[in-house]
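Summary of structural features
What follows is the residue order along each chain.
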There are 2 protein chains.
Amino acid sequence: MGSSEIRGSRPRIVLFGDSITEQSFRPGGWGAALADVYSRKADITIRGYGGYNTRWALHLLGHIFPSDGSAPPVAVTIFFGANDAALLGRNSHRQHVPLKEYKDNLRLIVQHLKESSPTILIVLITPPPIDEDGRMEFARSVYGDKAMKLPERTNEVTGLYAKECINLAAELQIPCINLWSKMQETEGWQKKFLSDGLHLTEEGNGAVFREVVRVFSEAGLNADSMPYDFPHHSVISGDNPEQAFL
Amino acid sequence: MGSSEIRGSRPRIVLFGDSITEQSFRPGGWGAALADVYSRKADITIRGYGGYNTRWALHLLGHIFPSDGSAPPVAVTIFFGANDAALLGRNSHRQHVPLKEYKDNLRLIVQHLKESSPTILIVLITPPPIDEDGRMEFARSVYGDKAMKLPERTNEVTGLYAKECINLAAELQIPCINLWSKMQETEGWQKKFLSDGLHLTEEGNGAVFREVVRVFSEAGLNADSMPYDFPHHSVISGDNPEQAFL
């Protein structure tokens, strides 16, 4: 399709996940950066739900991605696990989902999306690593003496969830961003990428953004090669603008 | 509607305009900031077209806002005029639209939207002021000796377009943000709010964002009083999550 041809509509990319997706339109956020890169080519829809685990996400599936297949998105990022990995017997135990169920739930989400559209691009994203010291510092800054005495998440356990996410992607042959490992390759990742030991700094958002763009591009969803929805202004004739819109 | 009730869908807010709308998801952008404020409550859709004037925007109307009234947005910002106000006989004359036609075109856009939905909230935004020195500096930085010798826009002429925008809003009794005047109330607006004499700095984006939130809120579209699409995670029972989603 030529870049000056009228398409009039845009494919939709949905970001489905927990708070790390919900907050992705804050300053420097990875969602906003995606919206800018796909400007005039695709719409980015945020479906991020702070605090949600995959068990609760299943209840949203049919609403967000109707089974009637009406206008399915071209691509979806699935970014859960940070809450599933909350430890039993600690502060956020209510959000805990057992490892096996986490993987099963992710599989159900992927299957539902594939049924809504056989050509949909699905990208799994593992939870980011956990900086346990950062979690404790954050808790103390908010709750003082009443703060939890042990972190409600550990990097080791979250790593197990990341591993299951990667395993599932391999089984289903869909792309996966191993954020848990990727971030830990950078020295000082604890403070560089994480603001409170869990959520992303601007640099952390930048890291997610670059990975998503890379994986989307490798899968053929490259903004540079996608057509504009309407002609670029430079091809509109001042005397005869109608022509560009025929 | 209670904040924990399931709605499942979100109203849509469309940002319709030129480059200043198109670029609103860049870092610090007013569009991304809106998306964050209305997070989990409304979807922000960008329909910004760099270089477009109101004459060309008319060709997009039926595509972006179908007349069949299917799922009309609850609110639209209309933010044109910066290109219409390009001067005849100068560098960007191709984009020039006469003052009277600018007002007529804006009226056609508003009428079209009102026909698509009688309850739609329409907010007109005037073009920002022009810093002519900033335009010239920018041209020299890009084109050197080949740069234009006179600015392609002046603040005075853009002010006339802003005035017609305000007049039309008064005639039609719809809200209007007088960005042209508002920005000039701040000392040093030329560099504080404008990056190249025309487009917005992060602070300029912040100014637009605050005005849009204020006008939306005054019109009853206040994020704080809008329901979530799905329950907040804190009201989901760990033992019996289904209940929250009934």
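Residues numbered from 1 in each chain as written. Chains lettered and ligands numbered in written order. Predicted model: local features only at pLDDT ≥ 70, side-chain atom pairs only at ≥ 80, totals over all residues. Heavy atoms only, no water.

Points about the relation of the copies chain B and chain A
The operation relating chain B to chain A is a screw motion whose rotation component is 180 degrees, with 0.0 Å of axial translation and a residual RMSD of 0.0 Å. Overall, the copies show the geometry of a two-fold rotation axis. When the interface residues of chain B are mapped onto chain A, 100% of them again fall at the interface, so both copies present the same face. (Least-squares fit on C-alpha atoms with pLDDT ≥ 70 in both. Contact = heavy atoms within 4.5 Å.)

Side note on the layout of surface pockets
Empty space within the largest pocket amounts to approximately 1200 Å³. In terms of lining residues, the largest pocket is bounded by 48 residues, among which Arg12, Asp43 and Thr45 of chain A together with Arg12 and Thr45 of chain B are the most central. Those elements that place two or more of their residues in the lining of the largest pocket are strand S1 (12-17), strand S2 (43-48) and helix H3 (54-64) of chain A together with strand S1 (12-17), strand S2 (43-48) and helix H3 (54-64) of chain B. (1 Å grid on protein atoms, 1.4 Å probe; cavity = no way out; pocket = protein on both sides within 12 Å on 5 of 7 lines; lining within 4 Å. Points joined across faces, edges and corners; volume = space filled by probe spheres on them. Helix = DSSP H or I, 4+ residues; strand = E, 2+ residues; numbered from the N terminus.)

Side note on the nonpolar core
When a protein is soluble and globular, its nonpolar side chains tend to lie buried together. Counting residues in each nonpolar core, the largest one holds 72 residues, and the members touching the most others are Trp30 and Tyr38 of chain A together with Phe25, Trp30 and Tyr38 of chain B. With residues near it in sequence (within four places) discarded, tryptophan 30 of chain B still touches Leu15, Ile20, Thr21, Ser24, Thr77, Phe79, Leu200, Asn205, Val208, Phe209 and Val212 of chain B. (Core = buried A, V, L, I, M, F, W, Y, C linked by side-chain atoms within 4.5 Å. Buried < 20%, exposed > 50% of the residue type's maximum accessible area, 1.4 Å probe, protein only.)

Things to note about the environment of tyrosine 102 of chain A
All names here are of chain A. Its location among the elements puts tyrosine 102 in helix H4 (residues 99-116). Judged by relative accessible area, tyrosine 102 falls into the buried class, the value being 0%. Once the C-alpha coordinates of tyrosine 102 and alanine 207 are considered, the two residues, 105 residues apart in sequence, prove to be 24 Å apart. When neighbours within four sequence positions are excluded, tyrosine 102 is seen to be in contact with Thr54, Phe80, Gly81, Asp84, Val97, Pro127, Tyr161, Glu164 and Cys165.

What to know about the interface of chain B and chain A
At the interface, 39 residues of chain B touch 39 residues of chain A. Summed over both sides, the interface between chain B and chain A buries roughly 3400 Å², with carbon and sulfur atoms accounting for 55% of that surface. Its largest share of buried area at the contact with chain A, chain B owes to His59, Arg94 and His233 of chain B, together 16% of the area lost on that side. The tally of links between chain B and chain A comes to 6 salt bridges. Where glutamate 22 of chain B meets arginine 40 of chain A, a salt bridge forms, and the shortest distance between an N and an O atom there is 3.4 Å. Across the chain B-chain A interface, the total number found is 18 residue pairs in polar contact (both at pLDDT 80 or more). Those elements giving two or more residues to the side of chain B that touches chain A turn out to be helix H2 (30-37), S2 and H3 of chain B. (Buried area = accessible area lost by both parts, 1.4 Å probe. Salt bridge = Lys/Arg side-chain N within 4 Å of Asp/Glu carboxyl O. Polar contact = N/O pair within 3.5 Å; in protein donor to acceptor, adjacent residues only side chain to side chain.)

Some thoughts on helix H5 (residues 132-143) of chain B
Since the α-helix turns once every 3.6 residues, residues separated by three or four places project in the same direction. Taking 1.5 Å of rise per residue, the 12 residues of H5 of chain B would be expected to cover 16 Å, and the 16 Å separating its terminal C-alpha atoms lies within 8% of that figure. Of the positions making up H5 of chain B, those classed as buried are Gly134, Arg135, Met136 and Ala139 of chain B. (Expected span 1.5 Å × (residues − 1).)

Notes on the packing of aromatic side chains
Across all of its chains, the model carries 19 aromatic pairs over all chains by this definition. Centroid distance tyrosine 49 of chain A to phenylalanine 230 of chain B: 5.7 Å. Interplanar angle 70 degrees. Geometry classified as edge-to-face. Note that tyrosine 49 of chain A is positioned in the loop between S2 and H3 and phenylalanine 230 of chain B in the segment after helix H9 (202-218), a pairing that runs across two chains. By relative accessible area, which is 0% here, tyrosine 49 of chain A ends up buried. A residue is classified by how much of its surface remains accessible, and phenylalanine 230 of chain B, at 0% relative accessible area, is buried. Plain terms: the ring middles of tyrosine 38 of chain B and phenylalanine 216 of chain B are 6.4 Å apart, the flat faces sit at 70 degrees to each other, and that makes the pair edge-to-face. Here tyrosine 38 of chain B, found in the loop between H2 and S2, pairs with phenylalanine 216 of chain B, found in helix H9; they are 178 residues apart in sequence, far enough to count as distant. One exposure class covers both tyrosine 38 of chain B and phenylalanine 216 of chain B, and it is buried. Its guanidinium or amino end placed over the ring of tyrosine 228 of chain A, lysine 41 of chain A lies 5.1 Å from that ring's centre, counting from NZ or CZ. (Phe/Tyr/Trp six-rings, centres within 6.5 Å; stacked < 30°, edge-to-face > 60°. Lys NZ or Arg CZ within 6 Å of the ring centre and 35° of its normal.)

Comments concerning the environment of threonine 54 of chain A
Residues and elements named next belong to chain A. Within the fold, threonine 54 resides in helix H3. The class of threonine 54 is buried, set by a relative accessible area of 0%. Sequence-wise, threonine 54 and histidine 233 are 179 residues apart; in three dimensions their C-alpha atoms are separated by 44 Å. The residues touching threonine 54, leaving out its near neighbours within four places in the chain, are Phe80, Asp84, Val97, Tyr102, Asn105 and Leu106. At a separation of 2.5 Å, a polar atom in the side chain of threonine 54 contacts the side chain of aspartate 84.

Overview of the side chain of lysine 41 of chain B
Residues and elements named next belong to chain B. Assignment of secondary structure puts lysine 41 in the loop between H2 and S2. Buried and unpaired, lysine 41 has aspartate 224 as its nearest opposite-charge partner, separated by 5.1 Å. Polar side-chain contacts of lysine 41 include one of 2.8 Å to the backbone oxygen of alanine 223. (Lys, Arg positive; Asp, Glu negative; His and termini not counted.)

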